[in-house]
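# Per-entry structural report
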Amino acid sequence: MPRKTLRNISLPALLTLPALTLAGQPTSVDYLASKPLLLEIRYCECPATTPGGAPGDVLPEFLDESRALRVGAVTTEHSNFVASRALSMGYEISPVEKPSGSFQITYASEYTTLDGSLSGQGTLVLEAGQWVSFLGSSLQTEAGAKHIGVALRLVDQSASQ
């Protein structure tokens, strides 16, 4: 009789631990949920990249001169919105399968300066930690060249960046 009681107790106990009995492969959404990611957006009235440069080749001067917006606890559960005086951006972030650790960002953004505004929308794929210039312009005026640069990156807060 004690053996039957032990069997009756063991089965219900195992069923209360589904993570142990039904463990599956982690998904890319699990990765995003487990990593504390921060979205960092930098913007200024200066060029983010050299003319004709790759979007990922963000200039050190841009990083020094630009203002930063930082959004913590980035999720894929819903659309997000961030704004400052000069910059507003709606976005959605989702992990992509390949390459591992990469994310797709779909955005609509507007940057307003004293001289006007610049807006854009699109989709980017980037790796965590990688800067990407996604909005910019250069205009030659009588007073000289006017530049606008906006770049972003996702930072894994558990690693030192």
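Residues numbered from 1 in each chain as written. Predicted model: local features only at pLDDT ≥ 70, side-chain atom pairs only at ≥ 80, totals over all residues. Heavy atoms only, no water.

### Quick notes on the environment of V58
Of note, V58 is situated in the loop between strand 1 (37–44) and helix 4 (60–65). With a relative accessible area of 15%, V58 lands in the buried category. Residues V58 and Q130 lie 72 residues apart in sequence; the distance between their C-alpha atoms is 9.6 Å. With sequence-adjacent residues up to four places away left out, V58 is seen in contact with A48, T49, L63, W131, V132, S133 and A151. (Helix = DSSP H or I, 4+ residues; strand = E, 2+ residues; numbered from the N terminus. Buried < 20%, exposed > 50% of the residue type's maximum accessible area, 1.4 Å probe, protein only. Contact = heavy atoms within 4.5 Å.)

### A closer look at the sheet that holds strand 2 (residues 67–71)
Strand order in the open sheet formed by four strands is 2-1-8-7, with antiparallel pairing between adjacent strands. Of all the strands in the sheet, the pair left with one neighbour each is strand 2 and strand 7 (132–141). Direction aside, neighbouring strands of the sheet carry axes that sit 10° apart on average. Alignment of strand 7 against strand 8 (residues 144–156), held across nine bridges, turns out to be antiparallel. Bridging across to strand 8, S133 finds its partner in A151. (Pairing = 2+ DSSP bridges. Axes fitted to C-alpha atoms, helices over the stretch in contact; angles between N-to-C directions.)

### Re the state of the cysteines
The final tally for this structure, using the stated rule, is one disulfide. Paired by a disulfide, C44 and C46 hold their sulfur atoms 1.7 Å apart. Linking C44 and C46, the disulfide has an S-S dihedral of approximately -55° and is accordingly described as left-handed. Classification of C44 by relative accessible area gives buried; the value is 8%. (Disulfide = S-S within 2.5 Å.)

### Here's the deal with the nonpolar core
Among the nonpolar cores identified, the biggest contains 27 residues, and L39, I41, M89, Y91 and L152 are the most heavily contacted of them. Every element with two or more residues in this core is listed here: strand 1, strand 2, strand 4 (87–96), strand 5 (102–113), strand 6 (116–127), strand 7 and strand 8. For M89, the residues in contact, after removing those within four places along its chain, are L39, I41, N80, F81, V82, Y107, A108, S109, F134 and L152. A48, V58, W131 and A151 belong to the second largest nonpolar core, which has eight residues in total. (Core = buried A, V, L, I, M, F, W, Y, C linked by side-chain atoms within 4.5 Å.)

Remember that the coordinates give geometry; whether it matters functionally is a separate question.
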